[in-house]
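Tertiary structure, described
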Amino acid sequence: MTQHAGVQAPPGSGADGVRDIVSVRLPADGAYLSVLRSVTAALAARLDFTLDDIGDLRIAVDEACAMLLAHAVPGSDLECEFELTTELIRISVSAPTLDGSLPARDTFAWTVLAALAGDVDSRVDADQRVVVDLHKHRADASGAA
Amino acid sequence: MDLSLSTRTEGDRTVVVVGGEIDVYTAPKLREQLIDLVSSGMYDLVVDMEGVDFLDSTGLGVLVGGLKRVRAHEGSLRLVCTQERILKIFRITGLTKVFPIYASVEDAVAATD
């Protein structure tokens, strides 16, 4: 099993000086999705997201990963990178796939993901690695409050 | 967190009590349960989701599959759910118009729709 998580403060931090990257790599197996949901919730809570937004992110990450798992190369790893700033959380999940095809958008899964994730997009990188990116602002981050 | 399932009979309906998390890993267990019930001739189901902590689109797909199966036998599948975060998923996907959703098992069993 390959499972490790690391936290690092990369150079070039934002103006407010807070920008952490958390990387999680898990076997591309549905049994580990609950672990990733828990990590997502814990990180969003750390940024003071509301309970509603934390719940939304848990589901969004789950949906994004479930899409990838359906086409992931057997025995491969699912990689999830969380970029945390004071205002938003940016999450990128990826896995090497068998066919390099983008997730279908006419599905319940994409409908739920798009509704809950804030902004979401997908792309195919080298070696048929499919990536789903999503980011969500903290509820009070863009307003005067 | 795993998925827990139990069934009981109330009146002429079979109540499936679901607890825990329904995701891509656990949903097959629920699918098998619904298929087993329909295969056993139970076509009028109530799925009690009050104990569900997490539901994603895989779970929705299983419920839609169950609905299709019971309807093929002129049966019905009613849901019991009052949790806002679960109901939200049904609303986003438009499935509140597909599933009759009740606030309690008693209401679901007593309904005449």
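1. Side note on the layout of surface pockets
If a probe as big as a water molecule is rolled over the atoms, it shows which places are left empty. For the largest pocket, the calculated volume is near 240 Å³. Lining the largest pocket are 15 residues, with Ala66, Met67, Ala70, His71 and Ala109 of chain A positioned closest to its centre. Elements with a contribution of two residues or more to the lining of the largest pocket: helix 2 (51-69) of chain A together with helix 2 (57-71) of chain B. The dominant element in the lining of the largest pocket, judged by the number of residues it contributes, is helix 2 of chain A, at four residues. The volume enclosed by the second largest pocket comes to roughly 210 Å³. Around the second largest pocket, the lining is made up of 14 residues, and of these Asp52, Gly55, Asp56 and Ile59 of chain A together with Arg85 of chain B lie nearest the centre. Mapped onto the lining of the second largest pocket, the elements with two or more residues apiece are helix 2 of chain A together with strand 3 (44-55) and helix 3 (84-92) of chain B. For the lining of the second largest pocket, the leading source of residues is helix 2 of chain A, giving six residues.

2. Things to note about the state of the cysteines
All names here are of chain A. Evaluation of the coordinates by the stated rule reveals zero disulfides over all chains. Its sulfur unpaired, Cys80 is 5.4 Å from the next cysteine sulfur, which belongs to Cys65. Of the residues examined, Cys80 reaches a relative accessible area of 2% and is grouped as buried.

3. Points about the pairing of strand 3 (residues 77-85) of chain A
Residue and element names in this part refer to chain A. Of all nine residues in strand 3, seven are buried; the element is thus mostly enclosed. Where strand 2 (residues 19-27) meets strand 3, nine bridges bridge the pair, whose relative direction is antiparallel. Its bridge partner being in strand 3, Arg19 is matched across the sheet by Thr85. In terms of strand pairing, strand 3 meets strand 4 (residues 88-96) through six bridges, oriented antiparallel. Across the sheet, residue Leu84 finds its bridge partner in strand 4, namely Ile89. Between strand 3 and the antiparallel strand that follows it, strand 4, lie two residues.

4. Focus: the sheet that holds strand 1 (residues 3-10) of chain B
Two strands in a sheet stick together by hydrogen bonds in their backbones, pointing the same way (parallel) or opposite ways (antiparallel). Residue and element names in this part refer to chain B. What the five strands build is an open sheet, ordered 1-2-3-4-5; its pairing is mixed. Where the open sheet ends on each side, the last strands, each with one partner, are strand 1 and strand 5 (101-102). Of the strand pairs in this sheet, strand 3 and strand 4 (residues 76-80) are connected by five bridges, and their pairing is parallel. Note that in strand 4 the partner of Val46 across the bridge is Arg78. Here helix 1 (residues 27-39) sits on the sheet and contacts strand 1, strand 2 (13-22) and strand 3; the angle it forms with strand 1, its principal contact strand, is near 20°. Sitting on the sheet, helix 2 is in contact with strand 2, strand 3 and strand 4, with an inclination near 145° to strand 4.

5. A few points about empty space enclosed by the protein
Residue and element names in this part refer to chain A. This model, assessed by the stated rule, comprises one cavity of 30 Å³ or more. Roughly 40 Å³ of volume is contained in the largest cavity. Contributing to the lining of the largest cavity are Met67, Leu68, His71, Thr97, Ser101, Leu102, Pro103 and Val130. Considering only residue class, the lining of the largest cavity consists of five nonpolar, three polar and no charged.

6. Remarks on helix 2 of chain A
Taking 1.5 Å per residue as the helical rise, helix 2 of chain A with its 19 residues ought to reach 27 Å, and the 27 Å between its terminal C-alpha atoms agrees with that figure. Burial of helix 2 of chain A is extensive: 16 of the 19 residues sit out of reach of the surface.

7. Side note on the packing of helix 2 of chain A against helix 3 (residues 108-116) of chain A
Residues and elements named next belong to chain A. Contact geometry of helix 2 with helix 3 gives a least axis separation of 9 Å together with a crossing angle of 145°. You can see that helix 2 and helix 3 cross each other, and the crossing is left-handed. Contacts from Asp56, Ile59, Ala60, Glu63, Ala64 and Met67 of helix 2 reach helix 3 at Ala109, Trp110, Val112, Leu113 and Leu116.

Criteria and cut-off values
Residues numbered from 1 in each chain as written. Chains lettered and ligands numbered in written order. Predicted model: local features only at pLDDT ≥ 70, side-chain atom pairs only at ≥ 80, totals over all residues. Heavy atoms only, no water. 1 Å grid on protein atoms, 1.4 Å probe; cavity = no way out; pocket = protein on both sides within 12 Å on 5 of 7 lines; lining within 4 Å. Points joined across faces, edges and corners; volume = space filled by probe spheres on them. Helix = DSSP H or I, 4+ residues; strand = E, 2+ residues; numbered from the N terminus. Disulfide = S-S within 2.5 Å. Buried < 20%, exposed > 50% of the residue type's maximum accessible area, 1.4 Å probe, protein only. Pairing = 2+ DSSP bridges. Contact = heavy atoms within 4.5 Å. Axes fitted to C-alpha atoms, helices over the stretch in contact; angles between N-to-C directions. Nonpolar A, V, L, I, M, F, W, Y, C, P; charged D, E, K, R; others polar. Expected span 1.5 Å × (residues − 1). Left-handed = near helix turned anticlockwise from the far one by under 90°.

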